[in-house]
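Structure assessment
Residue strings, one per chain:
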Amino acid sequence: MARWCYRHRLVVLLLWVGTVFGVGFAGSAAGTDYANTFSLPNTDSTRAYDLMEKAFPQSAGDTDTVVWKVDEGSVRDESVRSRIEPALKEIGAMKGVGEVTDPYAADGAAQISENGRIAYAQVTFVEQANAVPKELVEDVVDTAQAAERDGLQVELGGQAITRTQEPPTGIAEMVGIVAAAVVLFLAFGSLFAMLLPLVVAIAALGTGLMATSLLSHVTDVPEVAPLLGSLIGLGVGIDYALFIVTRHRRGILRGMKPEESAVVALNTSGRAVLFAGGTVCIALAGMLVMNMRFLDGVVIATSLTVVLSVLAAITLLPALLGLLGMRVLSRRQRRKLAATGPEPELTSGLAARWSAYVQKRPRAVAGLALVVMVILALPVLSIRLGATDQGNHQESTTTRQAYDLLAEGFGPGFNGPLQVVVSEGDAQGLVTRIESTEGVAQVAAVPPANGVTLIQVVPTTSPQSEKTDQLIDRLRDDVIPASGVEAHVGGVTAVFKDFASVTGERLPYFVAAIISLGFLLLLVAFRSLVVPLTAALMNLIAAAASFGVLVAIFQWGWGTELIGIGKEGPITAFLPVIMLSLLFGLSMDYQVFLVSRMHEEWVHTKDNARAVRVGLAETSRVINCAALIMICVFSAFVLSGDMEGAMAGIGLAAAVALDAFILRTALVPAAMHLLGKSNWWLPEGLERRLPHLAVEPREEAVAEAPVEDDGPASVVHGIVRDTDGEPVAEAAVTLLSRGGRQLDRVVSLADGSYIVSVPAPGTYLLSVSASSYGSRASQVVVSEGPLVYDVELAEGELDSVN
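Bear in mind the structure is a predicted one, so any value in this text is a computation, not a measurement. Residue positions are given per chain, counting from 1 as you read along its sequence in written order. The predicted nature of this model means local features are confined to residues of pLDDT at least 70 and side-chain atom pairs, given and counted, to a pLDDT of 80 or more, with totals for whole chains, interfaces and linings taken over all residues. Only heavy atoms go into the side-chain values, all of them from the structure, while hydrogens and water stay out.

Moving on, we come to the overall build of the protein chain. Secondary structure is summarised from DSSP: a helix means a run of H or I of at least four residues, a strand means a run of E of at least two, and numbering begins at the N terminus for each. Along the backbone of the protein chain there are 23 helices and 20 strands. Taking the principal axes of the C-alpha coordinates as reference, the protein chain spans close to 110 × 50 × 45 Å. Each residue is assigned to one of three classes by its accessible area relative to the maximum for its type, calculated with a 1.4 Å probe on protein chains only: buried under 20%, partly exposed between the two thresholds, exposed over 50%. Counting over 802 residues, the protein chain shows a buried share of 57%. Of the contacts made within the protein chain by residues no fewer than 6 positions apart, 77% connect residues no fewer than 24 positions apart. Carbon and sulfur atoms make up 57% of the accessible area of the protein chain, which amounts to about 32900 Å² in all. A distance of 9 Å separates the average location of the 57 positive side-chain charges in the protein chain from that of its 81 negative side-chain charges. In what follows, a contact means two residues having at least one pair of non-hydrogen atoms within 4.5 Å. Reported accessibility uses the Shrake-Rupley method at a 1.4 Å probe radius. Residues are deemed covered only where the shown protein chains occlude them. His is not counted, nor are the chain ends, whereas Lys and Arg count as positive and Asp and Glu as negative. Charge coordinates come from a single atom per side chain, which is NZ of Lys, CZ of Arg, CG of Asp or CD of Glu.

As structure tokens, then:
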């Protein structure tokens, strides 16, 4: 398929352009119909909601609040009424506003605080918050705040009002793309190579978001789903393309033609991308076992963007590679390739030095890395799940000011009242009992309808307070049963409490499921018991540390105002499930990329120390580059204006940073050095029963020189010396095809001499390594006669082909 896409690149490009614009046009025309369905089956809050829906059908529109406060006097003063009442009448007359409840009306006394300095009016729109035109909401805000004067403060709160504070759509994505572009340009040194991953990711993301908006008309998709889809889709889309482009560029530098290099890149790294994308989708689908309707829409949006990212990487990317040809390399690389010919890449410098350091001091490296991760994980012991609200907005926002004014004038519990729904029994008796219950500030019963009575309960504490959770438990466990009535506690606060409780109960099973899945996948891929066990443990450590960072920032408030994300509060209840799914998938990507190279070296040499050293040196740069891109993309979602998006962005950015720069770069290789050959142990009986899964097959499909298949056999021989000219004994000398297939392997003699057999004239790679000297790889061209080739070894170099 890669070759077909490469050769028929214009057809592929036209198909993708047509898909992107076609789905985009359909999505724009249909609009969105996102719905935040937080109901949970078999919970008390859901039963309360079902009863209320039948007895008290809610108005179709969203209800927002206008709050005002005077510094002196009373809101009843004529000087205040003369400014507020005309504004409320003007708002009520606007097209799209259904009703405005006026505290100055005959039945509006309850909307004025006891001290008379704070009052509120409720504005009910005709549509739900996401369907109310933003221009209408802005007119409401401007009209209300125009009534302000010295000594009179006017603020507004509610879901529709929140939309006016959101930054321009796509700003987080744009910042992430620009940051990723900078990293890619520094990594590739080529403008065209930099653009490839970005174009692929944007095409997949745009199609995914528009398709998600279309799906919102046929199934429940929450408002946060497209944001999370953007977050994960942009990250994995760029990374998947990065892996393939990196392999393609390396192939060209080794002398392959662009078409053959693209085919090999898709047949190797492309397979790894398929495996990684499938793993992420399976991990995301694991959220379905939580049996929460809210998460179903999140699974749809995120999985769709991942699938499209993989599809774009294996179809659109080879077509773009065909268009660019040699221009995928920088001008300097093209000039060097034309002047000196193809050369194998050598992994030297910082990556090689660090890899050698880890091999020499595995205990110190592992110990230090583990201590860092444990310290970062400590805050997770105090994690509290709940929900964010407008009280977590920044202090400068009108929604936060309105929230604080309502809490000041009517009590902190006014922003999250409980709804006790009575279906059978003496409702008045229950009202009396609730009034005398600890933690209750105010109780009011609504006249019954269809045999159902609604009791509004205002707690003395805020919706996010643990004491409010305790009040809900007290009502359910003690007060209602003692009254002998059939009643249920509902309301937004109760719904989120039940959501957090159910999440906490089911989370261990979810974690066990995805960890077990990862174990099985790695067991089949690497034919080892220890490698998947190590990976499972590392995933748990990474999850604990990333949640520790999340708790410190969002729950403890360390730096929340500094980075512009408002006031601290509980961790959003659904976030652990989503983050664990994404973290599992991304960790598997890095683990597969790192260990597959180690496993390949182990299969060739049976030398664990060399396998770990070479694998780390050759993959750490690409892993760190990919991680840096994801960190930039995820961190940019702090600018999304959404608290859940900011939490997910910061949490995933921390998780990727810790996973790539501490776990995969230090703790995993150090642990594998300590474990030695046991890393690759697998019982023979299990080996025979396991299916074979080639994550990244050897590059046997590489187009090798045709003359290698014909002609007489020959040899390469010479002396292995160090930089002082002394012979190096027992150096491993390996002859490989240009595709990386091992052809012969010998050990140098005491005088440093070696001789390897060559099947036929052609171009080959000669890799020489010695434990105390490092390694070197060179390209050799063998004619019909024997080739004399001496090798000089120096410390700090590693070959990237053996």
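Having seen the structure, we can now continue with the description.
Quick look at a negative patch on the surface now. Like-charged residues are merged into a patch within 9 Å and nonpolar side chains (Val, Leu, Ile, Met, Phe, Trp, Tyr) within 5 Å, provided each residue has over 30% relative accessible area and no salt bridge. Any Lys or Arg side-chain nitrogen located within 4 Å of an Asp or Glu carboxyl oxygen qualifies as a salt bridge. A contiguous patch of negative charge, built from Glu90, Glu135, Glu138, Asp139 and Asp142, is present on the exposed surface. No other element matches helix H5 (residues 134-145), which puts 4 residues into the negative patch. Structurally, the position occupied by aspartate 139 is in helix H5. By relative accessible area, which is 39% here, aspartate 139 ends up partly exposed.

With that settled, the discussion passes to the pattern of salt bridges. It is possible for side chains bearing opposite charge to pair when their charged atoms get close. Under the criterion given, the structure shown has 13 salt bridges. Linking glutamate 466 and arginine 384 is a salt bridge whose minimum nitrogen-to-oxygen distance equals 4.0 Å. With glutamate 466 in helix H17 (residues 466-483) and arginine 384 in the loop between helix H14 (362-377) and strand E6 (385-386), this pair connects stretches of sequence that are 82 residues apart. Glutamate 395 is paired through a salt bridge with arginine 400; the nearest N and O atoms lie 4.0 Å apart. A residue is classified by how much of its surface remains accessible, and arginine 400, at 7% relative accessible area, is buried.

Think of a 1 Å grid over just the protein atoms. A cavity is a set of points where a 1.4 Å probe fits yet cannot get out, a pocket is an open set with protein on both sides within 12 Å along at least five of seven lines, and lining residues have an atom within 4 Å of a point. Grid points are joined across faces, edges and corners, and a volume is the space filled by probe spheres set on the points. Counted according to the given criterion, the structure contains 5 cavities of 30 Å³ or more. Of the pockets and cavities examined, the largest cavity occupies roughly 110 Å³. The wall of the largest cavity is formed by Tyr240, Phe243, Ser269, Ala272, Val273, Phe275, Ala276, Met588, Asp589, Val592 and Phe593. Secondary structure elements with two or more residues in the lining of the largest cavity: helix H9 (224-253), helix H10 (258-285) and helix H20 (575-605). By residue number, the principal contributor to the lining of the largest cavity is H10, which donates 5 residues. Here the lining of the largest cavity is built from residues that sort into 9 nonpolar, 1 polar and 1 charged. Here the second largest cavity defines a volume of roughly 70 Å³. For this classification, Asp, Glu, Lys and Arg are treated as charged, while Ala, Val, Leu, Ile, Met, Phe, Trp, Tyr, Cys and Pro are nonpolar and the rest, including Gly, are polar.

Our next topic: the environment of threonine 460. Following the sequence through the fold, threonine 460 ends up in the loop between strand E9 (452-459) and H17. Under the relative-accessibility criterion, threonine 460 is labelled partly exposed at 36%. Taking C-alpha positions, threonine 460 is 37 Å from glutamate 135, a pair spaced 325 residues apart along the chain. Among residues more than four places away in sequence, those in contact with threonine 460 are Pro412, Gly413, Gly439, Val440 and Ala441.

Expected span of a helix, by definition, is 1.5 Å for each gap between consecutive residues, and there is one gap fewer than residues. End to end, H14 covers 22 Å across 16 residues, agreeing with the expected 22 Å (1.5 Å per residue, within 8%). Three or more residues of H14 are buried, namely Pro362, Val365, Ala366, Ala369, Met373 and Ala377. All buried residues of H14 lie within an arc of 95 degrees about the axis, which places them on one face of the element. Away from the buried face of H14 by more than 90 degrees, exposed residues Arg363, Leu368 and Ile375 are located. As used here, the arc belongs to the directions running from the helix axis to the C-beta atoms.

The next point concerns the pairing of strand E16 (residues 762-770). Counting buried residues in E16 gives 9 out of 9 residues, a clear majority hidden from the surface. The two faces of E16 match: Gly762, Tyr764, Leu766, Val768 and Ala770 on one face and Thr763, Leu765, Ser767 and Ser769 on the other face are all buried. Here E16 runs beside strand E17 (residues 774-782); their pairing, made up of 9 bridges, is antiparallel. Following the sheet pairing, tyrosine 764 is matched in E17 by valine 780. At least two DSSP bridges between two strands are needed for those strands to be called paired. Hairpin remark: E16 followed by E17, antiparallel, with 3 residues in the connecting loop.

Working convention: axes come from line fits to C-alpha atoms, limited for helices to the stretch in contact. Angles between N-to-C directions cover 0 to 180 degrees. It is at 9 Å that the axes of helix H16 (residues 427-435) and H17 come closest, and there the two elements cross at 140 degrees. As far as their axial angle goes, H17 and H16 are oblique. As for how H16 packs across H17, the hand of that crossing is right-handed. Contacts between H16 and H17 involve Leu430, Arg433 and Ile434 on the former and, on the latter, Leu475, Val479, Ile480, Ala482 and Ser483. Roughly parallel refers to an angle under 35 degrees, roughly antiparallel to one over 145, roughly perpendicular to one between 65 and 115, and oblique to any angle outside these ranges. Handedness of each helix crossing follows the sense of rotation of the near helix against the far helix: counterclockwise by less than a right angle gives left-handed, clockwise gives right-handed.

What makes a nonpolar core is a set of buried Ala, Val, Leu, Ile, Met, Phe, Trp, Tyr and Cys residues whose side-chain atoms join them at distances within 4.5 Å. Of all hydrophobic cores here, the largest spans 163 residues; its most connected members are Ile238, Met287, Leu295, Phe554, Ile629 and Phe634. If you tally residues by element for this core, the top one is helix H22 (residues 643-675), at 19 residues. Here isoleucine 629 is in contact with Ala180, Val183, Leu184, Ile238, Asp239 and Leu242, once residues within four sequence places are set aside. Val66, Leu88, Ile112 and Leu152 belong to the second largest nonpolar core, which has 29 residues in total.

There is a patch of like positive charges on the surface, built from Arg331, Arg332, Arg335 and Lys336. On the secondary structure map, arginine 332 appears in helix H12 (residues 331-340).

Attention shifts here to the sheet that holds E17. Pairing in this open sheet of 4 strands is antiparallel, and the strands run E14-E13-E16-E17 from one edge to the other. Across the chains shown, the open sheet's two edge strands, defined by having one partner strand only, are strand E14 (742-747) and E17. Across the sheet, the axes of successive neighbouring strands diverge by a mean angle of 20 degrees, strand direction being ignored.

In this section: the state of the cysteines. Working definition: a disulfide is two cysteine sulfur atoms within 2.5 Å of each other. Counted according to the given criterion, the structure contains 0 disulfides. With no disulfide of its own, cysteine 281 lies 19 Å from the sulfur of cysteine 5, the closest cysteine sulfur. With a relative accessible area of 18%, cysteine 281 lands in the buried category. Not part of a disulfide, cysteine 632 finds its nearest cysteine sulfur in cysteine 625, a span of 9.7 Å.

Another point: a nonpolar patch on the surface. Together, Met174, Val178, Val182, Phe185, Leu186, Leu191, Phe192, Leu195 and Val199 make up an exposed nonpolar region whose accessible area comes to about 830 Å². Sorting the residues of the nonpolar patch by element identifies helix H7 (171-188) and helix H8 (191-215) as the ones contributing at least two each. Per-element tally for the nonpolar patch: the top contributor is H7, with 5 residues. If you trace the backbone, leucine 191 turns up in helix H8. Leucine 191 gets classed as partly exposed once you look at its relative accessible area, which sits at 48%.

That's the geometry; what it means functionally is another story.
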